[in-house]
Amino acid sequence: MHETAGVPAEIEQELARDFDLTESAHGAHGVVTTPAVRVDATFLDAVGPQLRIVANYAVGIDNIDREAACDRGIVVTNTPDVLTNATAEHAIGLALSLLRRICEGDRALRRRDPWEWGPDFMVGDSFEGKELLVVGPGRIGRRVAQLGEALGARPTLSGRGDDLLEHLASADVMSLHCPLTPETHHLIDTHGLAAMKPTAVLVNTARGAVVDEAALIVALQAGSIAGAALDVFEYEPAVSDELLALENVVLTPHIASATHDARLAMGMLCVSALRAVLLEGRPPPNAI
Ligand code: GLV
């Protein structure tokens, strides 16, 4: 028995070939979870002792208490690789939307603001020649660096302890690609934001809580950084009124991996993991 969490029809069909699907996790041998589901001891105990695998329909696993799963002998899997390009594309798309004021221009037209072409009308910035700081040198971060370089930016890949403040001070565009862990919680805080140039912009497609959102709002309101492009939020799905009120902010609802291809491939990784554990009795390659 398995729980499906609003998966694409193709994935539901694949699952239905081998498993009995239920909406309720209680009594399931495997569950498909999303970043919106907190998988902790209470959740696992509510599902029951027969549970053998939690297949997370995401690469990030900060929603899962791995120790609680491990204590109960439950396999946890995620969906690496197949969403790398989609997520990197989205990060670059957000950065371009912000730098080139695409969403701002779209909003102005929808409001029917009067306008005409002018040499200084809605002038933005190019990616070309910018210092691109990628925080989190994993698969997605490396792909962002590649795409940024193709657009003429100069990428630097940085790990957590890796002279972050120094790198922040020289970045024009800073894009976050690290997992959310106790060590990266509020990695970008008041100090980090203060280190950034007033012309710099922050892009977050990682997890909201990697940034201290209250401190980010203060920095944006004070103009101590030039803008932010956010796909993730500290108190997701809540998005603060202060962010919504700012013109120099681009917001999307946690859709960085949401291409048809990526979401199907992610689903197939979940299906293969469930088959491996429940039908074939072997550990799946994407087990954490
Ligand atoms: C989505 O946020 C993911 O971690 O895959």
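Every chain is numbered independently, its residues counted from 1 as its sequence is written. Local features in this predicted model are restricted to residues of pLDDT 70 or higher, and side-chain atom pairs are both shown and tallied only at a pLDDT of 80 or more, whereas totals for entire chains, interfaces and linings draw on every residue. Each side-chain value is derived from all of the structure's non-hydrogen atoms; neither hydrogens nor water enter the calculation.

## Regarding unusual backbone geometry
Glycine aside, residues mostly have negative phi angles, and peptide bonds mostly take the trans form.
Part 1 of the argument: Cis rather than trans, the peptide bond between Glu-236 and Pro-237 has omega equal to 5°.
Part 2 of the argument: Secondary structure elements are defined from DSSP: runs of H or I of at least 4 residues count as helices, runs of E of at least 2 residues count as strands, and each element is numbered from the N terminus. Its place among the elements puts Pro-237 in the loop between β10 (227-230) and α10 (241-244).
Part 3 of the argument: The backbone of Asp-81 shows a phi angle near 70°, a positive value even though the residue is not glycine.
Part 4 of the argument: Tracing the chain through its elements places Asp-81 in the loop between β5 (75-77) and α4 (84-99).
Part 5 of the argument: The buried label applies to any residue whose accessible area, calculated with a 1.4 Å probe on protein chains only, is under 20% of its type's maximum; exposed applies above 50%, and partly exposed to all values in between. The class of Asp-81 is partly exposed, set by a relative accessible area of 49%.

## Things to note about the packing of helix α1 (residues 9-18) against helix α11 (residues 260-279)
Part 1 of the argument: To define axes, lines are fitted to C-alpha atoms, for helices over the stretch in contact only, and angles between the resulting N-to-C directions are given on a 0 to 180 degree scale. Packing of α1 against α11 brings their axes to within 9 Å, and their N-to-C directions diverge by 10°. By the criterion of interaxial angle, the relationship of α1 to α11 is roughly parallel. Contacts between α1 and α11 involve Glu-10, Ile-11, Glu-14, Leu-15, Arg-17 and Asp-18 from the first element and Leu-264, Gly-267, Met-268, Val-271, Leu-274, Arg-275 and Leu-279 from the second.
Part 2 of the argument: Considering only residue class, the contact of α1 with α11 consists of seven nonpolar, one polar and five charged. By definition in this entry, angles of less than 35 degrees are roughly parallel, angles greater than 145 are roughly antiparallel, angles of 65 to 115 are roughly perpendicular, and the rest are oblique. Between two residues, a contact is recorded if the distance between any of their heavy atoms is within 4.5 Å. Following the grouping adopted for this structure description, the nonpolar residues are Ala, Val, Leu, Ile, Met, Phe, Trp, Tyr, Cys and Pro, the charged ones are Asp, Glu, Lys and Arg, and the polar ones are all others, Gly among them.

## Observations concerning the environment of Ile-255
Part 1 of the argument: Structurally, the position occupied by Ile-255 is in the loop between β11 (249-251) and α11.
Part 2 of the argument: Among the residues examined, Ile-255 registers a relative accessible area of 33% and is labelled partly exposed.
Part 3 of the argument: With 158 residues separating them in the primary sequence, Ile-255 and Ser-97 have C-alpha atoms 15 Å apart.
Part 4 of the argument: Once residues lying within four places of it in the same chain are set aside, the contact partners of Ile-255 are His-90 and Asp-231.

## Focus: the nonpolar core
Part 1 of the argument: Ranked by internal contacts, the top residues of the largest apolar core, which has 38 residues, are Tyr-57, Phe-127, Leu-132, Val-144, Val-173, Val-203 and Leu-274.
Part 2 of the argument: When residues of this core are traced back to their parent elements, those giving at least two are α1, β4 (53-56), α4, β6 (131-135), α6 (139-150), β9 (201-204) and α11.
Part 3 of the argument: These domain boundaries are the output of an automatic or database domain assignment. Shared between two domains, this core holds at least three residues of each, these being domain 1 (2-82 + 259-279) and domain 2 (84-251).
Part 4 of the argument: The residues touching Leu-132, leaving out its near neighbours within four places in the chain, are Phe-127, Val-144, Ala-145, Gly-148, Ala-153, Arg-154, Pro-155, Thr-156 and Val-173. Within this scheme, the nonpolar core is defined by two criteria: the residues are buried Ala, Val, Leu, Ile, Met, Phe, Trp, Tyr or Cys, and they are joined through side-chain atoms within 4.5 Å.

## Focus: the domain arrangement of the protein chain
Frequently, the measure chosen for interface size is the accessible area that the parts lose on association.
Part 1 of the argument: Domain assignment breaks the protein chain into domain 1 (2-82 + 259-279) and domain 2 (84-251).
Part 2 of the argument: Here the C-alpha centroids of domain 1 and domain 2 sit 31 Å apart.
Part 3 of the argument: Of the residues lining the interface, nine residues belong to domain 1; the matching set on domain 2 comes to five residues.
Part 4 of the argument: Each partner contributes to the roughly 600 Å² buried at the junction of domain 1 and domain 2, and carbon and sulfur atoms together form 49% of this total.
Part 5 of the argument: Each of two parts loses accessible area, computed with a 1.4 Å probe, when they are put together; buried area is these two losses added. Looking at the side of domain 1 facing domain 2, the largest losses of area belong to Asp-62, Asp-81 and Thr-259, adding up to 61% of the total buried there.
Part 6 of the argument: Any carboxyl oxygen of Asp or Glu within 4 Å of a side-chain nitrogen of Lys or Arg constitutes a salt bridge here. The interface formed by domain 1 and domain 2 contains two salt bridges.
Part 7 of the argument: With a shortest N-O distance of 2.9 Å, Asp-62 and Arg-207 are connected by a salt bridge.
Part 8 of the argument: Considered class by class, the residues forming the side of domain 1 that touches domain 2 number five nonpolar, two polar and two charged.

## Brief notes about the pairing of β9
Each regular strand shows side chains that alternate between the opposite faces of the sheet.
Part 1 of the argument: Judged by which residues are buried, β9 turns out to be covered on both faces: Val-201 and Val-203 on one side and Leu-202 and Asn-204 on the other are all buried.
Part 2 of the argument: Here, a strand pair is defined by DSSP locating no fewer than two bridges between the strands. Where strand β8 (residues 173-176) meets β9, four bridges bridge the pair, whose relative direction is parallel. Each residue of the ladder has a partner; that of Met-174, found in β9, is Leu-202.
Part 3 of the argument: As for the winding sense of the linkage, the β-α-β connection from β8 through helix α8 (residues 190-195) to β9 is right-handed.
Part 4 of the argument: Note that β9 and β10 share four bridges and pair parallel. The residue of β10 that forms the bridge with Val-201 is Gly-227. The handedness rule is simple: strands pointing away from the viewer, and a clockwise path from the first strand over the helix to the second, make the crossover right-handed.

## A closer look at the sheet that holds β10
Part 1 of the argument: Pairing in this open sheet of six strands is parallel, and the strands run β7-β6-β8-β9-β10-β11 from one edge to the other. Edge strands, defined here as strands with exactly one partner in the open sheet, are β7 (154-158) and β11. Taking each pair of neighbouring strands and ignoring which way they run, the sheet shows an average axis angle of 15°.
Part 2 of the argument: Relative to β8, β6 runs parallel, the two being bridged by four bridges. Bridging from a neighbouring strand, Leu-132 pairs with Val-173 of β8.
Part 3 of the argument: Lying on the sheet, helix α9 (residues 213-222) is in contact with β9, β10 and β11; it crosses β10 at an angle near 140°.

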